[in-house]
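# Examining the three-dimensional arrangement
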Amino acid sequence: MDTRTVRLADASNIWHHLTRHTGRPGPVMVRGEGLRLWDLDGREYLDATSGGVWCVNVGYGRREIADRVAAQLSLMPYYAGSAGNVPSAEFSERLLKYAPHHSRLYFSSSGSEANEKAYKMARLLSALKGGDGTVILYRDRDYHGTTLGALSSSGQSERRDGFGPFVPGFEEVPSAHCYRCAFGLARRSCSLECAAAVEEAVVRLGPGRVGGAVFETVTAGGGVIVPPEGYWPEVAAILKRHGALLILDEVVTGMGRTGAMFAFEHYGIAPDIVTLAKGVASAYMPLSVTLTTEEVFRGLQEGEGSFGYFRDISTFGGSAAAAAAADENLAVIEREGLVDRARVMGGELLAALSEAYAHPAVGDVRGLGLLCGVELVASRESREPLPEDRVAAVVARMAELGVLAGRTNRSIPGGNNVINFAPAYTVTGDDVETIRGTLMRALADVLGS
Ligand SMILES: Cc1ncc(COP(=O)(O)O)c(C=O)c1O
């Protein structure tokens, strides 16, 4: 197809995600190499988002992953996940080395699905114990997916508007967001009221009612929120005390993004269930994992009759080709020491982005590893968020200047003011400098200095 026909077909046939179609042509991406992307017009971008939504963690153009997938596609693309396949066995061995507290991988094909599986596991476990632990807690800034169960367990109320009624049995608690503390406190003098709120909810809902809690270890799309020290051990202890499962959504943060294979390693905790998706195969193929402890697995094998196993399937969770991509992706990460690299380069990126404090609209710069956010405000004193259209204009200007950054997008009413950066783990010092310089220039061009 020639360029003009592609553009026309795209504009008239494709319903783009998260897009209001105005008739103006949008970008059509064609090719990638490392962190560089080229669109249909041949324009080059430095992609500081790993594919728009934090997926292509090992960068574009990885021949070894493409070759491994091609070989598996020729050998056998697929057989349902009720049977085994060779690459999923290989990937499981490789991944479990990093997860000493976990022993089972349940495959599906998206982050939403991985979370839905976790909720079903938590509810079924409670039913098997003869309990009524159907309620799952979630936080107001976290996002767990697009399917109705996952959306019902998501904060970010702008993402939910108009899609109700929602699935019952999900209850909201506040985020651990120090820059915008729900309790109006400051970290140095608070008593982790955000963690205590979890216990208050468990107690308020009644004994045995809360079967689990699903939280993002580091909130990604809700504004790159890194929890304060002490929060996770406290929350993990509360849930344990009340017999509720800790489900950590590491759809974004898993597979090395924060400078550890799993973000929960930074906090010395071991969740009962971890969900992984975007980085599992660096989006070379779609695959997600619900990773559980042996206890969760065993608990779902011991019932009677049709309660004696987990009655669930995900058709594409059986993709052998996707498992091959996952195994090769992790082999690349290991060979090139990319988790360490994410930690080191994450430190460099955060330091570089912190120079943006020179601009008065920058209220907070935060991050962990290669997941960083810059929060823009109308006033540093009041912390009033900069309106979303102004933030969008800064990100659009960055794209014009050749750097793709992300942003909170119609998620938090009045609070879509965080620009986010999550480049591939192979990002270089020069790339970091380009990202920093482009942000500074876009801030000045759009907001003045
Ligand atoms: C933390 C988190 N969990 C779950 C999801 C849902 O993943 P998917 O879009 O693959 O269903 C997302 C997607 O952005 C996410 O950021």
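Computed from a prediction, not measured in an experiment: that's the story for all the values here. Along each chain, the written sequence defines residue order, and numbers are assigned to residues from 1. For a predicted model such as this one, the threshold for reporting local features is a pLDDT of at least 70, and the threshold for listing and counting side-chain atom pairs is 80 or more; totals across whole chains, interfaces and linings nevertheless cover every residue.

### So, the overall build of the protein chain
Going along the chain from the N terminus, every DSSP run of H or I of four or more residues is numbered as a helix, and every run of E of two or more is numbered as a strand. Per the secondary structure count, the protein chain includes 14 helices and 15 strands. Taken over C-alpha atoms, the radius of gyration comes to 22 Å for the protein chain, in line with the 22 Å a tight globule of 449 residues would show. For the C-alpha atoms alone, the extent of the protein chain along its principal axes is close to 65 × 60 × 40 Å. Whether a residue is buried, exposed or partly exposed is read from the other C-beta atoms within 10 Å of its own C-beta, which are placed from the backbone; 20 or more gives buried, 12 or fewer gives exposed, and intermediate counts give partly exposed. For the protein chain, the residues scored as buried account for 50% of the 449 residues in total. For the protein chain, long-range pairs separated by at least 24 residues make up 73% of all intrachain contacts whose partners lie at least 6 apart in sequence. Here the globule rule reads 2.2 Å times residues to the power 0.38, and the radius of gyration is calculated from C-alpha atoms. Placing a C-beta atom from the backbone of each residue, one calls two residues in contact when those atoms lie within 7 Å.

### Describing the pairing of strand β11 (residues 362-368)
Counting buried positions along β11 yields five of seven residues, so the element is predominantly enclosed. Two strands pair if DSSP finds at least two bridges between them. Between β11 and strand β12 (residues 371-376), which pair antiparallel and follow one another directly, the connecting turn spans two residues, one of which, Gly 369, has a positive phi of 60 degrees.

### Structural notes on the domain arrangement of the protein chain
Segmenting the protein chain into domains produces domain 1 (3-58 + 337-447) and domain 2 (64-335). If you look at the interface, domain 1 gives 31 residues, while domain 2 gives 31 residues. The greatest single-element share of the side of domain 1 that touches domain 2, amounting to five residues, is contributed by helix α12 (residues 338-354). Here the side of domain 1 that touches domain 2 is built from residues that sort into 17 nonpolar, nine polar and five charged. Domain delimitation follows an automatic or database domain assignment. All amino acids are sorted into three groups, where Ala, Val, Leu, Ile, Met, Phe, Trp, Tyr, Cys and Pro are nonpolar, Asp, Glu, Lys and Arg are charged, and the leftover types, Gly among them, are polar.

### Quick notes on the nonpolar core
Structurally, a nonpolar core is described as a collection of buried Ala, Val, Leu, Ile, Met, Phe, Trp, Tyr and Cys residues joined by way of C-beta atoms within 7 Å. By size, the foremost hydrophobic cluster in this structure holds 125 residues, and its most contacted members are Ala 213 and Ala 325. Looking at this core, the element that brings in the most residues is helix α11 (residues 320-335), giving ten residues. Taken together, domain 1 (3-58 + 337-447) and domain 2 (64-335) each give at least three residues to this core, which thus spans both. Ignoring anything within four residues of it in the chain, the contact list for Ala 213 reads Ile 136, Leu 137, Val 198, Leu 239, Ala 244, Leu 246 and Ile 247.

### Observations concerning the sheet that holds strand β3 (residues 44-47)
The strand order across the open sheet built from four strands is β1-β2-β3-β13, with neighbouring strands paired in mixed fashion. Either end of the sheet is taken by a strand with one partner, and the two such strands are β1 (29-33) and β13 (403-404). Examined bridge by bridge, strand β2 (residues 36-39) and β3 share three bridges and lie antiparallel to one another. Along β3, the bridge assignment pairs Leu 37 with Tyr 45.

### Things to note about the packing of helix α13 (residues 388-400) against helix α14 (residues 429-447)
Interhelical geometry of α13 versus α14 gives an angle of 130 degrees and a closest axis separation of 9 Å. By the criterion of interaxial angle, the relationship of α13 to α14 is oblique. The two elements α13 and α14 meet at a crossing, and its hand is right-handed. Across from Arg 390, Ala 393, Val 394, Arg 397 and Met 398 in α13, the residues of α14 making contact are Thr 438, Leu 439, Ala 442, Leu 443, Asp 445, Val 446 and Leu 447. In terms of residue class, the contact of α13 with α14 is made up of eight nonpolar, one polar and three charged. Lines fitted to C-alpha atoms define the axes, with helix axes restricted to the stretch in contact, and inter-axis angles between N-to-C directions lie between 0 and 180 degrees. Oblique is the label for any angle not under 35 degrees, not over 145, and not in the 65 to 115 range, which are roughly parallel, roughly antiparallel and roughly perpendicular in turn. In this scheme, a crossing is called left-handed if the near helix is turned counterclockwise away from the far one by less than a right angle; it is called right-handed if the turn is clockwise.

### Here we look at α11
Here the expected span of a helix is defined as 1.5 Å times the quantity of residues minus one. Taking 1.5 Å of rise per residue, the 16 residues of α11 would be expected to cover 22 Å, and the 22 Å separating its terminal C-alpha atoms lies within 8% of that figure. Of all 16 residues that make up α11, 13 are buried, and the element is covered over most of its length. In the stretch just after α11, Gly 337 is the one whose phi turns positive, near 55 degrees.

### Some remarks on the environment of Arg 380
With respect to the helices and strands, the residue Arg 380 is situated in the loop between β12 and α13. Of the residues examined, Arg 380 has 13 C-beta atoms within 10 Å and is grouped as partly exposed. Residue contacts for Arg 380: discarding those within four places in its chain leaves Pro 360 and Gly 363.

### Looking at the environment of Ile 419
With respect to the helices and strands, the residue Ile 419 is situated in strand β15 (residues 418-421). Excluding anything up to four places from it in sequence, Ile 419 contacts Gly 373, Val 374, Leu 376, Val 391, Val 394, Val 395, Ala 405 and Arg 407.

### Topic: the environment of Arg 366
Secondary-structure assignment places Arg 366 in strand β11. Setting aside its immediate chain neighbours within four residues, Arg 366 contacts Val 224, Val 226 and Gly 373.

### Some remarks on the packing of helix α4 (residues 86-96) against α11
Direction vectors running N to C along α4 and α11 enclose 30 degrees, while the axes themselves pass 8 Å from each other. Between α4 and α11, the angle is such that the two are roughly parallel. Read as a crossing pair, α4 and α11 show a hand that is left-handed. Residues Pro 87, Ser 88, Glu 90, Phe 91, Arg 94 and Leu 95 of α4 touch α11, and the partners they reach there are Ala 320, Ala 323, Ala 324, Ala 326, Asp 327 and Leu 330.

### Things to note about the sheet that holds β11
A sheet is described by the order of its strands in space; here four strands give the open sequence β11-β12-β15-β14, paired in antiparallel fashion. Looking at the sheet topology across the chains shown, the edges are occupied by β11 and β14 (406-407). Strands in contact with α12 are β11, β12 and β15; relative to β11, the strand with the most contacts, it is inclined by about 180 degrees.

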